[in-house]
Amino acid sequence: MTESTKTSSKLSDITPTATPEPKRSWGQALKVYAQPTSLRMLALGFSAGLPLLLVLGTLSFWLREAGIDRSTIGFLSWVGLAYAFKWVWSPLVDRLPLPVATRLLGRRRSWLLFSQLLIVAGLLGMSFVDPKQALQPLVICAVLVAFGSATQDIALDAYRIESAKVDDQAALAATYQTGYRLAMIWAGAGVLWVASKVQGDVQGYVVQAWHVAYTAMAASMLVGMITVLLSPEPEARPMAPARNASEWIQGALIAPFADFIGRYRWQALLLLALIGLYRVSDVVMGIMANPFYVDMGYTKEEVAAVTKVFGVIMTLVGGFVGGTMAVRWGVMRVLMLGAVLSAGTNLLFAWLATRGHDVSALVWVVSADNLAGGIASAAFIAYLSGLTNVQYSATQYALFSSMMLLAPKWLAGYSGVFVDAFGYEAFFHTTALMGFPVLLLIYLASRVKMGSSA
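With respect to the overall build of the protein chain
- The helix and strand inventory of the protein chain stands at 23 helices and zero strands.
- Summing over all exposed atoms, the protein chain offers an accessible surface of approximately 17,500 Å²; the carbon and sulfur share of this is 68%.

Some points on the packing of aromatic side chains
- On inspection of all chains with the given rule, the structure shows 20 aromatic pairs.
- Ring geometry for Trp-111 versus Phe-114: centroids 5.8 Å apart, planes at 85°, classification edge-to-face. Of the two residues, Trp-111 and Phe-114 are both situated in helix α8 (residues 107-126); the distance of three residues between them amounts to about one turn of the helix.
- Looking at Phe-114, the relative accessible area reads 35%, which means it is partly exposed.
- The interplanar angle of 20° and the centroid separation of 4.6 Å between the aromatic rings of Tyr-278 and Phe-380 together place this pair among those described as stacked. With Tyr-278 in the loop between α14 (267-277) and α15 (280-287) and Phe-380 in helix α19 (residues 359-387), this residue pair connects regions lying 102 residues apart in the sequence.

Here we look at the packing of helix α18 (residues 331-352) against helix α22 (residues 424-434)
- Viewed as axis vectors pointing N to C, α18 and α22 meet at an angle of 175°, and their least axial separation amounts to 8 Å. Put simply, α18 runs roughly antiparallel to α22. Residues Ala-343, Asn-346, Leu-347, Phe-349 and Ala-350 of α18 lie in contact with α22, whose contacting residues are Glu-425, Phe-428, His-429, Thr-431 and Ala-432.
- Of the residues assigned to the contact of α18 with α22, the class counts are six nonpolar, three polar and one charged.

Some points on the nonpolar core
- By size, the foremost hydrophobic cluster in this structure holds 133 residues, and its most contacted members are Leu-123, Met-126 and Tyr-383.
- With 13 residues, the top contributor of residues to this core is α19.

Some remarks on unusual backbone geometry
- Unlike most non-glycine residues, Val-100 shows phi in positive territory, near 70°.
- One can find Val-100 in the loop between α6 (90-95) and α7 (101-105).

Description of the environment of Gly-344
- Mapped onto the fold, Gly-344 is located in helix α18.
- Separated by 24 residues in sequence, Gly-344 and Ala-368 place their C-alpha atoms 9.7 Å apart.

Quick word on α22
- Among the residues of α22, those classed as buried are Tyr-424, Phe-427, Phe-428, Thr-431 and Ala-432. Buried residues of α22, viewed axially, fall in a sector of 135°; they line one side.
- Against α4 (70-76), α15, α16 (289-295), α18 and α21 (415-422) lie the buried residues of α22.

Examining a nonpolar patch on the surface
- A cluster of nonpolar side chains, contributed by Phe-75, Trp-410, Leu-411, Tyr-414 and Val-417, occupies part of the molecular surface with about 430 Å² of accessible area.
- With respect to the helices and strands, Trp-410 occurs in helix α20 (residues 393-412).
- Taking the relative accessible area as the measure of exposure, Trp-410 reaches 46% and is therefore partly exposed.

Some points on the pattern of salt bridges
- Counted under the stated rule, the structure contains eight salt bridges.
- Across the pair Asp-295 and Arg-64 runs a salt bridge, and its minimum N-O distance is 3.2 Å. Taken together, the residues span a long stretch of sequence, with Asp-295 in helix α16 and Arg-64 in helix α3 (residues 57-65) at a distance of 231 residues.
- Close ionic contact of Asp-358 with Arg-355 constitutes a salt bridge, the shortest N to O distance being 2.9 Å.
- Judged by its relative accessible area of 42%, Arg-355 falls in the partly exposed class.

Here we look at the packing of α18 against α19
- Running from N to C, α18 and α19 point in directions that differ by 155°, and their axes come no closer than 8 Å. Between α18 and α19, the angle falls in the class roughly antiparallel. Between α18 and α19 lies a crossing whose hand is left-handed.
- Tallied by class, residues from the contact of α18 with α19 come to 21 nonpolar, five polar and one charged.

What counts, and at which threshold
- Residues numbered from 1 in each chain as written.
- Predicted model: local features only at pLDDT ≥ 70, side-chain atom pairs only at ≥ 80, totals over all residues.
- Heavy atoms only, no water.
- Helix = DSSP H or I, 4+ residues; strand = E, 2+ residues; numbered from the N terminus.
- Areas by Shrake-Rupley, 256 points an atom, 1.4 Å probe, with all protein chains shown as cover.
- Phe/Tyr/Trp six-rings, centres within 6.5 Å; stacked < 30°, edge-to-face > 60°.
- Buried < 20%, exposed > 50% of the residue type's maximum accessible area, 1.4 Å probe, protein only.
- Axes fitted to C-alpha atoms, helices over the stretch in contact; angles between N-to-C directions.
- Parallel < 35°, antiparallel > 145°, perpendicular 65-115°, else oblique.
- Contact = heavy atoms within 4.5 Å.
- Nonpolar A, V, L, I, M, F, W, Y, C, P; charged D, E, K, R; others polar.
- Core = buried A, V, L, I, M, F, W, Y, C linked by side-chain atoms within 4.5 Å.
- Arc of directions from axis to C-beta.
- Patch = residues over 30% accessible without salt bridge, like charges linked within 9 Å, V, L, I, M, F, W, Y side chains within 5 Å.
- Salt bridge = Lys/Arg side-chain N within 4 Å of Asp/Glu carboxyl O.
- Left-handed = near helix turned anticlockwise from the far one by under 90°.

Encoded structure:
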């Protein structure tokens, strides 16, 4: 899966529970997409979206083709827990300067460039390993990519939040998602297309094809690196220097979390529960999606064409529609719609599991699922941005986005075991049911009066 300096206005501007503002026309709502900040988010969203599939979705396709069993693939998805624990080092990204780089580029851009270099190093490392012969080195490199990617997310979310006013966050989230999903086309369909071309007419598993494909992905990170170098640094928010380690810990680590609890008190638990469970059905289901395609007999070309191109295009449409609807009608309504659609479309995968090798059915199911996911993601990113106090943007947003992944990623580790025991159809039914308690949480959260960011 995110800017003029953002003011210390009330975060309630982004939700229907706040004092309502005059609604903008459709033309005004769409105009924000042409702003330079939106275009930067397009390129930086590409940089953020590229690593995710390469250590989760696409990697699972590679591992399954190499003969790695489903249970191991499921447990290896815990590499993605780096995203769920990024709040641990987010205070460092928020406050710690990098030698030389911060002086030259500024706090946000220096961390962005550093994290992108980590991703490139990890992807190049993966490109030299054959998981069929030695799985551990590949896992180590994948962890490096995930760590670099999670660090990039921390810095990028802070950059986005600090570079735009609250009212534009929903549209910028949609622009960010557009770049993110374009990267997923390249990290999904692009990898499979490159691997297929290198493999040619050779049947079976050809590791050199994957090596070339992952090298191409490492080179693709240049898009984000060049954008960082050409982008302006958001206006720095003054921070009082710490006189000792205890004071630094108080200001960097404790204060951001105390601020959130102080603004919402006991209702903070409700908000964190919603954040932690909103995408559970999608995340748990997604780990087994590529092994499912391989086991159902779909070829690299079919998966690339349907799930990684056509499906992602539908996600872009969903993100655009979701972001526009959130600006026009409010985030909470679109958040509810996204939750219903995301859980419901998992039932379509259960139906697909009964169809065998049916490309037409795959097109319809993937289209519906990605359209729903795009709507949900745009609204959810805007919601998380609205909860964030700009004074602690990197740390608080990292906490929220980490909570979003912690429980789902942990559960996803057992997805391969579940499929081995009960089959794909039961697995998809179960993941759909996981999403429905979220509806109650959204209803309760919509009644919470949002705190002030000041």
